[in-house]
Amino acid sequence: MKLFIISLLFGYIGLVGAQSNNTEYDQAYFDITIDAAKEGYPPAQLRLGLMYLRGEGVPKNNDEAVKWIQKAAAQDDIEAQATLALIAGVSDDSRMDTAVQLKIGLMYLDGEIVPKNGDEAVKWVRKAAKKGDAVAQYNLGVIYRDGLGVTKDYDLAIGWFEKAAARGNLESQFYLASYYVEGDGVSKNYAKAAKWYRMAAVQGLENAQFRLGYLYMVGGNGLQRNYNEAARWFRKSAEQGYTKAQFVLGTMYDSGRGMPQSHAKAVKWYRMAAEKDYPEAQYNLGWMYFAGEGVPKSSDEAAKWYRKAAMKGFPRAQFNLGVMIFEGEGVPKDSVLGYAWMSLAASAGDEKTTAYLSIAKAKMTREDIEAAQLLVASGSLVDLSSKKAKNSSKKTE
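Residues numbered from 1 in each chain as written. Predicted model: local features only at pLDDT ≥ 70, side-chain atom pairs only at ≥ 80, totals over all residues. Heavy atoms only, no water.

Undergrad: How would you summarise the environment of Ala266 if you had to cite specific residues and measurements?
TA: Within the secondary structure, Ala266 sits in helix 15 (residues 263-274). Here Ala266 falls in the buried class, since its relative accessible area comes to 0%. Each C-alpha atom, one on Ala266 and one on Glu293, is 9.3 Å from the other, the two residues being 27 residues apart in sequence. The contact partners of Ala266, leaving out residues within four places of it in the chain, are Gly250, Tyr253, Asp254 and Met288. (Helix = DSSP H or I, 4+ residues; strand = E, 2+ residues; numbered from the N terminus. Buried < 20%, exposed > 50% of the residue type's maximum accessible area, 1.4 Å probe, protein only. Contact = heavy atoms within 4.5 Å.)

As structure tokens, this is what we get:
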């Protein structure tokens, strides 16, 4: 527990910086740091060494600096090992661990311990990358992609991403697949995208599993549509709790694409996503209750889930909720509030609302229409609807 608290403290102080004009603060920080360092906590030992090296809160003392940084390095702290190498001015790095070489490069990139130097950053990251370090290869790809200390070069970036991806680097696999989906720097090719997504997906990356499923669901650009494969990967992602996958898996059970149709199973997956505030799932779950598909028909439950989606700005839910309120189906009848929700849906471009809105308008007075329009214009519709829903639920308890 003690080291955990110390680690949180060092994480926080590291963000705000150690330098201060407050002598009491500097002394307190030094006392905490040296206590943690003496207990053998590597980040504290490194920080203490840097304080001695820079004269932060203590007089400069290179011997003390090296002593404490060496203690951290001896415990395999990569940043400490990299810092020692920089202090020593390494001439022969042939036996240096690639993780240390990478860290030196990143230090030159962020400029926290040494002055920023793009050329040095690229030099050290490339050393590790050429030795086959996948993380270094990925970072070198990012450097060339974003032009960090070098001229932007998409071809080189993709080349290094491919090397890293082939060695199992998840980030590289995912980015490469995304580039082939979007045609970003490469020709759009879903087959190649699927290849890289699959590599990340089999390693358990739920977002890659979802995107692989999506590619099989839509097909095209060199990849044949395959609903069975789509359902298989959506399920893997959904079972890991990925919300979008849970929703889409629900739609596949609902429609019977890629699997036997089952409204009950569709409701199960819709509910999982809906309970995590995914508006499309909330809308679909509301519809299932309204239609009585996979669950007993319930206007109360339908209105409840429509309201949740409507309050998140989902137009179809706003319209359906508006109709239910206007007609008093499952909720207290309120023509002004119902018309306001339908108008809000129509203003978002939902064309299906226009015909019913005209019918509803003919049943209302000019005063009621103006009141509904004022609710929409003032932005108070969501708050008012929420209050009425709470009052309604209290009456049924």
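Undergrad: Please give an account of the environment of Ala245 that cites residues and values.
TA: Positionally, Ala245 belongs in helix 14 (residues 243-255). The class for Ala245 is buried, based on a relative accessible area of 0%. Non-local contacts of Ala245, meaning those with residues more than four positions away in its chain, are made with Phe210, Phe234, Ser237 and Ala238.

Undergrad: Give a detailed account of the nonpolar core, specifying residues and quantitative values.
TA: Formed by 92 residues in total, the largest nonpolar core has its most connected members in Leu140, Tyr197, Leu215 and Phe234. The contact partners of Leu215, leaving out residues within four places of it in the chain, are Val181, Tyr190, Ala193, Ala194, Tyr197 and Leu223. The next biggest cluster of nonpolar side chains, apart from the first, holds 15 residues, and it includes Met96, Ile104, Tyr108 and Val114. (Core = buried A, V, L, I, M, F, W, Y, C linked by side-chain atoms within 4.5 Å.)

Undergrad: Give a detailed account of the packing of helix 7 (residues 118-130) against helix 8 (residues 134-146), specifying residues and quantitative values.
TA: Relative to each other, helix 7 and helix 8 sit at 140°, their axes nearing to 8 Å. Relative to helix 8, helix 7 is oriented oblique. By crossing handedness, the relation of helix 7 to helix 8 is classed as left-handed. Mapping the contact onto sequence places Val122, Val125, Arg126, Ala128 and Ala129 in helix 7 and Ala136, Gln137, Asn139, Leu140, Ile143 and Tyr144 in helix 8. Looking at the contact of helix 7 with helix 8, its residues break down into eight nonpolar, two polar and one charged. (Axes fitted to C-alpha atoms, helices over the stretch in contact; angles between N-to-C directions. Parallel < 35°, antiparallel > 145°, perpendicular 65-115°, else oblique. Left-handed = near helix turned anticlockwise from the far one by under 90°. Nonpolar A, V, L, I, M, F, W, Y, C, P; charged D, E, K, R; others polar.)

Undergrad: Break down the confidence of the model for the protein chain for me, citing the residues and quoting the values.
TA: The predicted coordinates should not be examined in detail at positions where pLDDT is low. Chain-level statistics for the protein chain give a pLDDT mean of 85 and a share of 87% at 70 or above. Per-residue pLDDT stays below 50 along residues 1-21; that stretch engages in 26 contacts with residues further than four places along the chain or on separate chains. Scored below 50 in pLDDT, residues 393-397 shows zero contacts in the model against residues more than four places distant or in partner chains. (pLDDT = per-residue confidence, 0-100.)

Undergrad: Go over helix 18 (residues 315-327), please, and point to the residues and values.
TA: Here helix 18 is 13 residues long and its end C-alpha atoms lie 18 Å apart, about the 18 Å a rise of 1.5 Å per residue gives. Within the sequence span of helix 18, burial applies to Ala317, Gln318, Phe319, Asn320, Leu321, Gly322, Val323, Met324, Ile325 and Phe326. Against the buried residues of helix 18 lie helix 16 (279-291), helix 17 (299-310), helix 19 (335-347) and helix 20 (353-362). The positive-phi residue at the C-terminal boundary of helix 18 is Gly328, with phi of around 70°. (Expected span 1.5 Å × (residues − 1).)

Undergrad: Tell me about the pattern of salt bridges, and name the residues and values.
TA: For the structure on display, the rule yields seven salt bridges. Taking the shortest distance from any N to any O, the salt bridge between Glu64 and Lys67 comes out at 3.3 Å. Linking Glu64 with Lys67, this pair stays in helix 4 (residues 62-74), spanning three residues, or about one helical turn. Judged by relative accessible area, which is 23%, Glu64 ranks as partly exposed. The shortest N-O distance in the salt bridge between Arg232 and Glu229 comes to 3.0 Å. On the criterion of helical spacing, the pair formed by Arg232 and Glu229 is a turn pair, its members being three residues apart in helix 13 (residues 227-239). Counted as one network, the salt bridges with shared partners bring together Arg198, Glu229 and Arg232. (Salt bridge = Lys/Arg side-chain N within 4 Å of Asp/Glu carboxyl O.)

Undergrad: Provide a residue-level description of the environment of Asp300, including the pertinent values.
TA: Relative to the assigned elements, Asp300 resides in helix 17. Counting along the chain gives 30 residues from Asp300 to Gly330, while the straight-line C-alpha distance between them is 4.6 Å.

Undergrad: For the packing of aromatic side chains, give the residues involved together with the corresponding values.
TA: Taken as a whole and assessed by the stated rule, the structure comprises 15 aromatic pairs. When the ring of Tyr154 is compared with that of Tyr179, the centres are 5.8 Å apart and the planes differ by 55°; the resulting orientation is tilted. Placement of the pair is Tyr154 in helix 9 (residues 154-166) and Tyr179 in helix 10 (residues 170-182), with a sequence separation of 25 residues. Seen in terms of ring centroids, Phe210 and Tyr242 are 5.5 Å apart; in terms of plane orientation they differ by 50°. Their pairing is tilted. Of this pair, Phe210 sits in helix 12 (residues 206-218) while Tyr242 sits in the loop between helix 13 and helix 14, and the two are 32 residues apart along the sequence. Assessed through its relative accessible area of 12%, Phe210 is described here as buried. (Phe/Tyr/Trp six-rings, centres within 6.5 Å; stacked < 30°, edge-to-face > 60°.)

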